[in-house]
Amino acid sequence: MLTFIVRRLGQSLLVLLVAGAVAFSMFRFVGDPIDNMLGQERTLEDVERLRVQLGLDQPFPVQYFKYLQEAVQGNFGLSYRQGREVSEIFLERAPATLELAAISATFAVLLGIALGVYTAIRRDGFVANLIMSASLIGVSLPTFLIGILLIYLFSVELGWLPSFGRGDVVNLGWWNTGLLTESGLKALILPSIALGLYQMTLIMRLVRSEMLEVLRQDYIRFARARGLSERTINFRHALKNTMVPVVTIIGLQLGAIIAFAIITETVFQWPGLGLLFINAIQFVDIPVMAAYLMMISVMFVLINLIVDILYAFIDPRLRVSSK
Amino acid sequence: MTDPVLSIRNLTVEIPTRRGLFRPVENVSYDLRPGEIRGVVGESGAGKSMTGNAVIGLLDPPAHIAEGEIWLKGRRIDHLGAEDKRAIRGKEIGMIFQDPLTSLNPLFTVGEQLVETIQLHLKVSSDEARERAIALLDRVSIPNPAERFNQYPHQFSGGMRQRVVIALALCSDPSVIVADEPTTALDVSIQAQVLDLIKELAAERQVGVILVTHDMGVIADTTEEVTVMYAGKVVESGKTDRILGAPEHEYTRSLISAVPRPHVKLKRFPQVSYGGRETEFKIEDLARNWPKPEASSSGKLLEVKEITKQFVAKSSIIPSWNSYLTAVDHVSFDIRDGEVFGLVGESGSGKSTVARMIATLYGVDGGRILFDGEDMTAMDAEGIARYRRQIQMIFQDPFSSLNPRMTVADIVAEPLLHLGILPKADAKLRVRELLDRVGLAKDAWRKYPHEFSGGQRQRISIARALATQPRFLICDEPTSALDVSIQAQILNILKDLQEHLGLTMLFISHDLPVVRQMCDRVGVMKQGQLLELQETQALFDAPQHPYTRELLSLMPRLEQLPG
């Protein structure tokens with residue numbers, strides 16, 4: 001197990017380095033940050049001085065190396081636009097995104113598994129078929145469209161829920177949460193559904209097909225032959241076997257939820273990291289973009305690692321026997 | 001005589017299909033007394049498993065009992081509701097399935113599965129259930145039961161898992177056990193142990209056992225009464241000795257004559273002629289267009305010298321710290337031109353690994369393999385391609401060795417096109433010709449593998465292997481997944497190939513009577529080593545190595561069978 005983790009960590013580092021290099025090499029195509037930083041009345045000298053000061057005159061491998069040197073020490077530089085520490089801005093924005101992601105992930109996983117199991121057990125039932133057909137909509141509609149439709153229906157027409165923002169937040173010192181106020185909770189509903197709907201339908205369809213596969217296995221037949229009740233068979237024997245492959249996909253989808261939050265946050269003007277990133281692109285705020293991309297890569301790599309370790313907990317066959 | 005514990009009276013099972021009602025079981029009756037083992041024998045599709053499923057109430061819808069009665073200890077159970085049937089399952093009637101590798105849930109410990117079943121049927125505390133479970137494991141002769149209790153199924157070998165399955169079936173002292181092909185997936189030596197255990201338990205606990213099997217040897221060794229089924233109907237039923245010794249029905253006679261005999265060598269395998277479903281294999285037509293077999297320079301087509309294969313058992317960060325498992329350990333043998341060379345041994349003995357190394361599916365870790373004098377381990381890519389064309393393989397499982405998404409024509413043509421032997425148009429002609437020669441219907445080429453039976457699929461595998469006109473054929477357990485009747489057909493085809501086309505063969509099997517009939521010389525393998533190599537006759541008459549003697553002694557004795 002230790003060998004495995006060490007090896008995976010090594011691979012993860014390599015992936016991070018490559019992902020970072022690719023991200024860095026793209027920044028030159030986004031535009032020149034200096035155009036935005038200096039106003040109309042700039043001189044060529046000013047431009048040149050700032051360029052040298054920011055280190056933008058150097059080739060990108062050198063920039064990348066310097067950036068890594070600083071980054072491993074926790075220093076991600078100053079935002080060009082806001083002039084503040086990037087890490088400080090991130091810490092301020094992170095709670096919004098994390099709360100949104102956590103709520104929509106919980107919604108996606110719980111409802112996805114429950115509906116998946118239901119549609120698998122009642123395979124030919126009317127309700128199950130209805131759910132399956134409806135789920136096609138969830139899979140095929142893009143997130144932003146779902147968001148706009150939800151806003152149109154619940155905010156514009158019915159006026160039940162707010163269409164943008166986080167509502168009132170409570171500051172807990174290092175974390176500001178929207179979970180403690182009514183307006184904060186209300187504000188969470190639409191964006192979490194918009195963000196989680198696709199993942200929910202995906203998980204549901206996956207759980208259904210895996211479960212159907214498992215229910216065909218001999219050990220399920222044998223469990224029936226032992227006289228176990230359908231309930232024990234479905235929820236004890238079948239569900240656990242179903243979860244083995246499903247856990248990988250869920251893990252990767254959690255990463256996707258945070259990464260795709262960009263779109264949802266834009267639609268709902270949610271003050272999180274995704275919105276920060278979109279604004280940073282418009283302003284060519286390289287330190288913010290770099291930090292965001294690094295954060296997303298680290299997250300994906302970590303989730304993958306955790307999923308691999310989780311596997312061993314669910315499936316005893318993958319536990320290396322320590323004889 | 002004691003009263004029967006289970007009575008089946010005129011049982012008929014129906015499955016409605018689009019083409020009308022199909023009756024997989026028709027008018028079947030038999031009794032089972034406490035402590036008695038009744039064999040139910042027949043080929044696949046004869047309805048023998050379906051009868052067992054009907055008894056335990058596990059018919060897959062839309063199959064249902066249309067007529068007849070099933071009585072368990074004086075209580076009629078065939079018309080009970082789903083809940084009442086479930087209450088009987090496991091408590092009154094236990095079941096043992098064919099494949100012990102798949103009938104246990106891999107994610108729960110053996111103990112959890114036992115305790116769960118015990119607590120379901122008997123109202124006992126979890127401590128008592130645990131004690132009972134350990135006692136059961138001990139009873140089915142699992143060593144260190146208390147320790148094994150906490151282990152997962154994958155930590156048990158096949159035979160041990162089947163013992164666990166038996167323990168599970170015994171959890172609540174059932175009065176009937178339905179054992180559906182309980183030893184088909186096991187090695188001969190393990191098979192004998194498991195059957196002995198079933199016999200012991202039946203006598204000791206007075207459990208009636210319905211033993212469903214297609215293996216006449218198992219029937220002869222284990223059962224007192226036997227029911228022979230064909231196409232859903234009982235053709236003959238009675239004392240095992242009487243049925244095997246003096247069969248009355250023509251089908252039974254034909255079935256018994258198709259069982260390969262361990263003692264006498266016959267020129268061809270007698271086929272089951274009942275029902276008239278034989279398809280002709282046109283060997284003469286095939287031989288006409290076959291290139292004349294070239295003799296190898298030394299008279300030995302294949303020479304295997306000291307080959308070794310190691311698999312990584314536990315990998316480590318540093319390659320030299322890896323621990324290895326030696327699957328094949330310095331094995332050497334020669335195969336002469338036109339010879340059928342047999343390799344026998346239990347699973348895990350390395351016989352399939354040897355075959356895969358010769359077929360270049362596995363690399364060789366040590367030693368050399370010479371084909372017609374050329375060292376195949378030192379060949380470049382081009383040489384390997386030429387070599388592969390000469391060597392073809394037939395696998396054990398006709399269900400998984402054919403790609404389900406390819407048509408039969410594409411499957412058979414693949415080696416031709418892949419190795420660039422024939423252009424597409426010619427390959428098409430060759431494929432149709434081959435399929436016709438191995439006895440498949442005219443339109444077989446455009447069908448998919450799932451539309452064929454096991455025997456027909458094995459014919460497709462043979463056609464694929466013959467497509468490149470090889471000189472050497474590797475048959476890895478080619479008939480172990482097939483019924484006796486189909487087995488005879490396939491083995492006869494292989495014999496014809498060897499005789500008329502001069503093919504040289506490596507024949508791998510754990511079925512000693514089959515090896516006796518097929519092979520000229522035989523090698524015995526155990527734990528990666530070749531223990532003994534003899535002419536077939538000599539090996540069966542005077543085995544030298546103690547292990548060979550042990551293997552031969554475990555061969556089902558078919559003394560009752562007429563010569």
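Residues numbered from 1 in each chain as written. Chains lettered and ligands numbered in written order. Predicted model: local features only at pLDDT ≥ 70, side-chain atom pairs only at ≥ 80, totals over all residues. Heavy atoms only, no water.

**Comments concerning the overall build of chain A**
Then, number 1: Along chain A, the regular secondary structure elements total twelve helices and two strands.
Then, number 2: When the helices and strands of chain A are read in sequence order from the N terminus, they spell out α-α-α-α-α-α-α-β-β-α-α-α-α-α.
Then, number 3: In terms of principal-axis extent, the alpha carbons of chain A reach across some 85 × 60 × 35 Å.
Then, number 4: Scored against the burial criterion, the 323 residues of chain A give a buried share of 43%.
Then, number 5: Element-wise, carbon and sulfur atoms account for 66% of the exposed surface of chain A, whose accessible area totals about 16,900 Å².
Then, number 6: With 26 positive and 24 negative side-chain charges, chain A shows a spacing of 16 Å between the two charge centroids. (Helix = DSSP H or I, 4+ residues; strand = E, 2+ residues; numbered from the N terminus. Buried < 20%, exposed > 50% of the residue type's maximum accessible area, 1.4 Å probe, protein only. Areas by Shrake-Rupley, 256 points an atom, 1.4 Å probe, with all protein chains shown as cover. Lys, Arg positive; Asp, Glu negative; His and termini not counted. Charge placed at Lys NZ, Arg CZ, Asp CG, Glu CD.)

**Here's the deal with a nonpolar patch on the surface**
Then, number 1: Judged by side-chain polarity, Leu14(A), Leu17(A), Val18(A), Val22(A), Met26(A) and Phe29(A) come together as a nonpolar surface patch covering roughly 640 Å² of accessible area.
Then, number 2: Tracing the backbone through its elements, the reader meets Val22(A) in helix H1 (residues 2-30). (Patch = residues over 30% accessible without salt bridge, like charges linked within 9 Å, V, L, I, M, F, W, Y side chains within 5 Å. Salt bridge = Lys/Arg side-chain N within 4 Å of Asp/Glu carboxyl O.)

**Comments concerning the side chain of Glu181(B)**
Residue and element names in this part refer to chain B.
Then, number 1: Assignment of secondary structure puts Glu181 in the loop between strand E7 (176-180) and helix H7 (188-205).
Then, number 2: Under the relative-accessibility criterion, Glu181 is labelled buried at 8%.
Then, number 3: Ignoring any residue separated from it by four or fewer positions in sequence, one finds Glu181 in contact with Lys48, Phe97, Gln98, Val212, Thr213 and His214. (Contact = heavy atoms within 4.5 Å.)

**Some remarks on the nonpolar core**
Residue and element names in this part refer to chain B.
Then, number 1: One finds Leu6, Ile93, Leu114, Leu137, Val164, Ile166 and Ile210 to be the most contacted residues of the largest nonpolar core, which totals 72 residues.
Then, number 2: Among residues more than four places away in sequence, those in contact with Ile210 are Leu6, Tyr30, Leu32, Arg38, Val40, Ile177, Val178 and Ala179.
Then, number 3: If you look at the next biggest cluster of nonpolar residues, it comprises 56 residues, including Ile394, Leu422, Val438 and Val522. (Core = buried A, V, L, I, M, F, W, Y, C linked by side-chain atoms within 4.5 Å.)

**Side note on the sheet that holds strand E10 (residues 233-239) of chain B**
Residue and element names in this part refer to chain B.
Then, number 1: Strand order in this open sheet of six strands is E6-E7-E8-E3-E9-E10, and the pairing throughout is mixed. Both outer strands of the open sheet, strand E6 (93-96) and E10, are each paired with one neighbouring strand and no more. With strand direction ignored, the average angle separating the axes of adjacent strands in the sheet is 15 degrees.
Then, number 2: Pairing of strand E9 (residues 225-230) with E10 involves six bridges; the strand directions are antiparallel. Bridge pairing in E10 places Met229 opposite Val234. (Pairing = 2+ DSSP bridges. Axes fitted to C-alpha atoms, helices over the stretch in contact; angles between N-to-C directions.)

**Things to note about the side chain of Glu236(B)**
Residues and elements named next belong to chain B.
Then, number 1: Tracing the backbone through its elements, the reader meets Glu236 in strand E10.
Then, number 2: With a relative accessible area of 5%, Glu236 lands in the buried category.
Then, number 3: Polar contacts involving the side chain of Glu236 include one to the side chain of Arg242, which spans 3.1 Å.
Then, number 4: A distance of 3.0 Å separates a polar side-chain atom of Glu236 from the backbone nitrogen of His249.
Then, number 5: Leave out the neighbours within four places in its chain, and Glu236 touches Val226, Thr227, Val228, Arg242, Ile243, Ala246, Pro247, Glu248, His249 and Thr252. (Polar contact = N/O pair within 3.5 Å; in protein donor to acceptor, adjacent residues only side chain to side chain.)

**Here we look at the interface of chain A and chain B**
Then, number 1: In this complex, chain A contributes 25 residues to the contact, which on the side of chain B involves 32 residues.
Then, number 2: Between chain A and chain B, roughly 2,700 Å² of surface is buried when both sides are summed, and carbon and sulfur atoms account for 58% of that area.
Then, number 3: Considering only the surface of chain A that becomes buried against chain B, Arg221(A), Phe222(A) and Arg226(A) emerge as the three largest contributors, covering 27% of it.
Then, number 4: Connecting chain A to chain B are three salt bridges.
Then, number 5: Between Arg236(A) and Glu116(B) there is a salt bridge, with its nearest N and O atoms 2.6 Å apart.
Then, number 6: Listed by contribution, the elements that provide at least two residues to the side of chain A that touches chain B are H1, helix H9 (218-225) and helix H10 (230-267) of chain A.
Then, number 7: Broken down by class, the residue content of the side of chain A that touches chain B amounts to nine nonpolar, six polar and ten charged. (Buried area = accessible area lost by both parts, 1.4 Å probe. Nonpolar A, V, L, I, M, F, W, Y, C, P; charged D, E, K, R; others polar.)

**Some remarks on helix H7 (residues 143-157) of chain A**
All names here are of chain A.
Then, number 1: With 15 residues, H7 extends 20 Å between its outermost C-alpha atoms, agreeing within 8% with the 21 Å of an ideal straight helix rising 1.5 Å per residue.
Then, number 2: The sharpest bend along H7 comes to roughly 25 degrees, located at Ile151.
Then, number 3: On its buried side, H7 packs onto helix H8 (182-215) and H10.
Then, number 4: Where H7 terminates, the next one or two residues include Gly159, which has phi positive at roughly 65 degrees. (Expected span 1.5 Å × (residues − 1). Bend = angle between axes of the 7 residues up to and from the residue.)

**Considering unusual backbone geometry**
All names here are of chain B.
Then, number 1: A positive phi angle is found at Ser141, which is not glycine, with a value near 60 degrees.
Then, number 2: Mapped onto the elements, Ser141 comes out in the loop between helix H4 (126-139) and helix H5 (145-148).
Then, number 3: Notably, Ala231 is not glycine yet its phi reads approximately 50 degrees, a positive angle.
Then, number 4: Mapped onto the secondary structure, Ala231 falls in the loop between E9 and E10.

**Here's the deal with the sheet that holds strand E2 (residues 20-32) of chain B**
Residue and element names in this part refer to chain B.
Then, number 1: Taken in spatial order, the four strands of this open sheet run E2-E1-E4-E5, and their pairing is antiparallel. The open sheet has two edge strands, E2 and strand E5 (75-76), and neither has a second partner.
Then, number 2: With seven bridges connecting them, strand E1 (residues 6-17) and strand E4 (residues 64-72) associate as antiparallel partners. Looking at the pairing, Ile8 lines up with Ile70 of E4.

**Some words on the packing of helix H14 (residues 408-418) of chain B against helix H16 (residues 454-466) of chain B**
Residues and elements named next belong to chain B.
Then, number 1: One way to put it is that H14 packs onto H16 with a least axis distance of 7 Å and a crossing angle of 30 degrees. Helix-helix and strand crossings are classified by hand; for H14 and H16 the assignment is right-handed. For the pair H14 and H16, the contacting residues are Val408, Ile411, Val412 and Pro415 in the first and Ile460, Ala463 and Arg464 in the second. (Left-handed = near helix turned anticlockwise from the far one by under 90°.)

**With respect to the pattern of salt bridges**
Residues and elements named next belong to chain B.
Then, number 1: For the structure shown, the criterion picks out 36 salt bridges over all chains.
Then, number 2: As a salt-bridge pair, Arg23 and Glu14 come within 2.9 Å of each other at their nearest N and O atoms.
Then, number 3: By relative accessible area, which is 32% here, Arg23 ends up partly exposed.
Then, number 4: Put simply, Arg132, Arg139, Asp173, Glu200, Glu204 and Arg205 are held in one network by salt bridges that share partners.

**Things to note about the domain arrangement of chain B**
Residues and elements named next belong to chain B.
Then, number 1: By the assigned domains, chain B splits into domain 1 (6-257) and domain 2 (298-553).
Then, number 2: Placing a centre on the C-alpha atoms of domain 1 and another on those of domain 2 gives a separation of 34 Å.
Then, number 3: Tallying the contact residues gives six residues for domain 1 and seven residues for domain 2.
Then, number 4: Roughly 780 Å² is buried in total at the junction of domain 1 and domain 2, and carbon and sulfur atoms are behind 45% of that figure.
Then, number 5: When residues of domain 1 are sorted by the area they lose upon contact with domain 2, Asp187, Val188 and His214 head the list and together hold 55% of the total. (Domains from an automatic or database assignment.)

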